[in-house]
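A look at the structure
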2 protein chains.
Amino acid sequence: MPSLAGTSAAAPDPEMLTQVSTYPALQRGQFNGDVTYAQLAQDGDFGLGTFSGLDGEMVALDGVFYQISADGTVRVADAAMTTPFADVHFFHSNQQLRISEPLQNLDQLKAFLAKQLPSPNRPYAFRISGTFPTLKYRSVPKQAEPYPALTDAVAKQVVFEAQNIDAVLVGYMLPEYLGGIGRPGFHFHMISADKSRGGHVLDVSASAATVDIDFLESVKLLIPQNATFQGSNFSQPK
Amino acid sequence: MPSLAGTSAAAPDPEMLTQVSTYPALQRGQFNGDVTYAQLAQDGDFGLGTFSGLDGEMVALDGVFYQISADGTVRVADAAMTTPFADVHFFHSNQQLRISEPLQNLDQLKAFLAKQLPSPNRPYAFRISGTFPTLKYRSVPKQAEPYPALTDAVAKQVVFEAQNIDAVLVGYMLPEYLGGIGRPGFHFHMISADKSRGGHVLDVSASAATVDIDFLESVKLLIPQNATFQGSNFSQPK
């Protein structure tokens, strides 16, 4: 077959979401990573996830991968660190808009964003920059083997609250038909503008912020080859 | 982040399955293709699928994409033709074995193959070459808009039967957790060694054949951007 003129298999797809492992595997406590951050960086410059052992929250922004530990400290991830779960892509804004009405909480933010989307049937990425009146976020402490289920690990989350914080929310919306592999709906992590604070967003209010939306066109799932994942019965209740 | 030494984003991933659209979309009669065979060939040299309008069965083998029309004729697909649904990858055998026991039907073949697989939690590709005592296969006639549901279109399938036919079965096994996007379980198309016959395999017996199995490690889903797919309510019953 001839190649299409003007296209190249060499170029990374700018509208492709790459996901490491499946959300059902993470829910089952499969926290050992076998994808390095060096590998992950080849698939994106923007995203969210976690670290081997569930050792904190990950935010990727402008090609830098940040680790937010349970004590609230933020550091740049080492290339050799690994992730058991992450969503990343190369961010290119398809649509920019302003939030100018007051949004009281995360549900109102989700509803505001959902109204902007032409369809629920593709993934979208969101980069939301502004000064947020209130922001509630969390990180998680590193877990030891044998790992607990995700809900038991998250029960030990450490919650932080900030007021009038300059920050960027990094998020995705995944369609329902990706429910077997991903986490459908909206999911946000955040990092402060001064890179001193960050985590998984539990709640947020907004009054003025800039939203960039990236419409995604493909999804690449990296399937764990380790014995735990390969030996799981995912049809059994967790 | 530094790049991993020795890897390159330019190389196509040899263990990546690429799927065009979702099986639920195909079931709903979304038969207009918006991926050309030229594009598809960048993601694989082996696979199965169909053509825009459900105009026959597709088999890809050794980098050649074949169209099998409902009248049983086989032709090489034009690069400009499009597909509404396909699974392709670059075939590299990870394991080769011989079928030497008699397998009476497709279910026995599936059971034989399932026993060889170390886990049901990754996709596998199968290339099965031999002389098959019996082989029952079908193709489908091109549909007109407004398209019917897949089951209604397949009700008009044309069935062929062959005896002692030299052929290659081209197939995949997809894990259950891909059920939201793919068709879990085994799925085979076939092409005869002389490239004169082919189609979707309905039944087969085997007594001596060579099986090559390719263990796949990632899945790329190409999400249709057309209005029909984007406007669908996939949570509604078909």
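As the structure is a prediction and not an experimental result, all values here were calculated from the model.

Conventions we followed
Residues numbered from 1 in each chain as written. Chains lettered and ligands numbered in written order. Predicted model: local features only at pLDDT ≥ 70, side-chain atom pairs only at ≥ 80, totals over all residues. Heavy atoms only, no water. Salt bridge = Lys/Arg side-chain N within 4 Å of Asp/Glu carboxyl O. Core = buried A, V, L, I, M, F, W, Y, C linked by side-chain atoms within 4.5 Å. Buried < 20%, exposed > 50% of the residue type's maximum accessible area, 1.4 Å probe, protein only. Contact = heavy atoms within 4.5 Å. Polar contact = N/O pair within 3.5 Å; in protein donor to acceptor, adjacent residues only side chain to side chain. Helix = DSSP H or I, 4+ residues; strand = E, 2+ residues; numbered from the N terminus. Pairing = 2+ DSSP bridges. Least-squares fit on C-alpha atoms with pLDDT ≥ 70 in both. Domains from an automatic or database assignment. Buried area = accessible area lost by both parts, 1.4 Å probe. Phe/Tyr/Trp six-rings, centres within 6.5 Å; stacked < 30°, edge-to-face > 60°. pLDDT = per-residue confidence, 0-100. Arc of directions from axis to C-beta. 1 Å grid on protein atoms, 1.4 Å probe; cavity = no way out; pocket = protein on both sides within 12 Å on 5 of 7 lines; lining within 4 Å. Points joined across faces, edges and corners; volume = space filled by probe spheres on them. Nonpolar A, V, L, I, M, F, W, Y, C, P; charged D, E, K, R; others polar.

**Remarks on the pattern of salt bridges**
According to the stated counting rule, one finds eight salt bridges over all chains in the structure shown. A salt bridge links Arg75(A) to Asp78(A); the nearest nitrogen and oxygen atoms lie 3.1 Å apart.

**Some points on the nonpolar core**
Tyr177(A) and Tyr177(B) are the most contacted members of the largest nonpolar core, which totals 48 residues. Aside from chain neighbours lying at most four places away, what touches Tyr177(B) is Thr22(A), Gly180(A), Ile181(A), Leu221(A), Ile223(A), Phe229(A), Phe234(A), Asn121(B) and Arg122(B).

**Description of the interface of chain A and chain B**
When the parts of a complex come together, some accessible area is lost, and that lost area is often taken as the interface size. Counting from both sides, the interface comprises 44 residues of chain A and, opposite them, 43 residues of chain B. Where chain A packs against chain B, one counts zero salt bridges. For the pair chain A and chain B, the interface holds 14 residue pairs in polar contact (both at pLDDT 80 or more). Of all the elements in the fold, those that place two or more residues in the side of chain A that touches chain B are α2 (37–41), β15 (218–222) and α5 (227–230) of chain A. With five residues, the top contributor of residues to the side of chain A that touches chain B is β15(A). In this sheet, strand β15 (residues 218–222) of chain B lies alongside β15(A) in antiparallel orientation, the contact comprising five bridges. Paired with Val219(A) across the bridge in β15(B) is Leu221(B).

**A few points about the relation of the copies chain A and chain B**
Laying chain A over chain B is done by rotating through 180° and shifting 0.0 Å along the axis; what remains is an RMSD of 0.0 Å. Taken together, the rotation and translation describe the operation of a two-fold axis. Comparing interface residues between copies, 98% of those in chain A also sit at the interface in chain B, which points to an isologous, same-surface contact.

**Focus: the domain arrangement of chain A**
All names here are of chain A. According to the domain assignment, chain A contains domain 1 (16–89 + 220–228) and domain 2 (95–216). Taken together, the contact pairs 38 residues of domain 1 with 40 residues of domain 2. Between domain 1 and domain 2 lies a buried interface of about 3,100 Å² when both sides are counted; carbon and sulfur atoms form 67% of it. Contact with domain 2 buries surface across domain 1, with Leu48, Glu57 and Ala70 losing the most and accounting together for 19% of the total. Scanning the region where domain 1 abuts domain 2 turns up two salt bridges. Between Glu57 and Arg138 there is a salt bridge, with the nearest N and O atoms lying 2.8 Å from each other. Connecting domain 1 to domain 2 are 18 residue pairs in polar contact (both at pLDDT 80 or more).

**Regarding the packing of aromatic side chains**
For the coordinates displayed, the defined rule picks out 28 aromatic pairs over all chains. A ring pair is formed by Phe234(A) and Tyr177(B), whose centres lie 5.9 Å apart and whose planes are at 85°; its orientation type is edge-to-face. Residue Phe234(A) is found in the segment after α5, and its partner Tyr177(B) is found in the loop between β11 (158–174) and β12 (185–192); the two belong to separate chains. Note on accessibility: Phe234(A) and Tyr177(B) belong to one class, buried. Relative to Phe215(B), the ring of Tyr124(B) lies with its centre 5.1 Å away and its plane at 80°, an arrangement referred to as edge-to-face. Of this pair, Tyr124(B) sits in strand β10 (residues 124–139) while Phe215(B) is found in strand β14 (residues 209–215), placing the two residues 91 residues apart along the sequence. Residues Tyr124(B) and Phe215(B) agree in their burial class; the two are buried. One aromatic cluster is present, built from ring pairs that chain together Tyr37(A), Phe51(A) and Phe65(A).

**Some remarks on the confidence of the model for chain A**
Chain-level pLDDT for chain A is 94 on average; 95% of the residues reach the 70-or-more range. Below pLDDT 50 for its whole length, residues 1–10 of chain A participates in 21 contacts with residues either more than four positions away or in separate chains.

**A few points about helix α3 (residues 106–116) of chain A**
All names here are of chain A. For α3, every residue scored as buried is listed here: Leu106, Leu109, Phe112 and Leu113. Each buried residue of α3 lies within a common arc of 120° when the element is viewed along its axis, so the set occupies one face. Set apart from the buried face of α3 by more than 90 degrees, the exposed residues are Asp107 and Lys115. Its side-chain oxygen placed 3.1 Å from the backbone nitrogen of Asp107, Asn105 serves as the N-cap of α3.

**Some details on the layout of surface pockets**
Residue and element names in this part refer to chain B. When its volume is computed, the second largest pocket comes out at roughly 310 Å³. Taken together, 20 residues line the second largest pocket, and the ones lying closest to its centre are Tyr23, Leu26, Arg138, Leu150 and Val154. Counting residues per element, the ones that place at least two in the lining of the second largest pocket are α1 (23–27), β3 (46–50), α4 (150–154) and β12. Among the residues forming the lining of the second largest pocket, the class breakdown is eight nonpolar, eight polar and four charged. Counting residues domain by domain, the lining of the second largest pocket receives three or more from each of domain 1 (16–89 + 220–230) and domain 2 (95–216).

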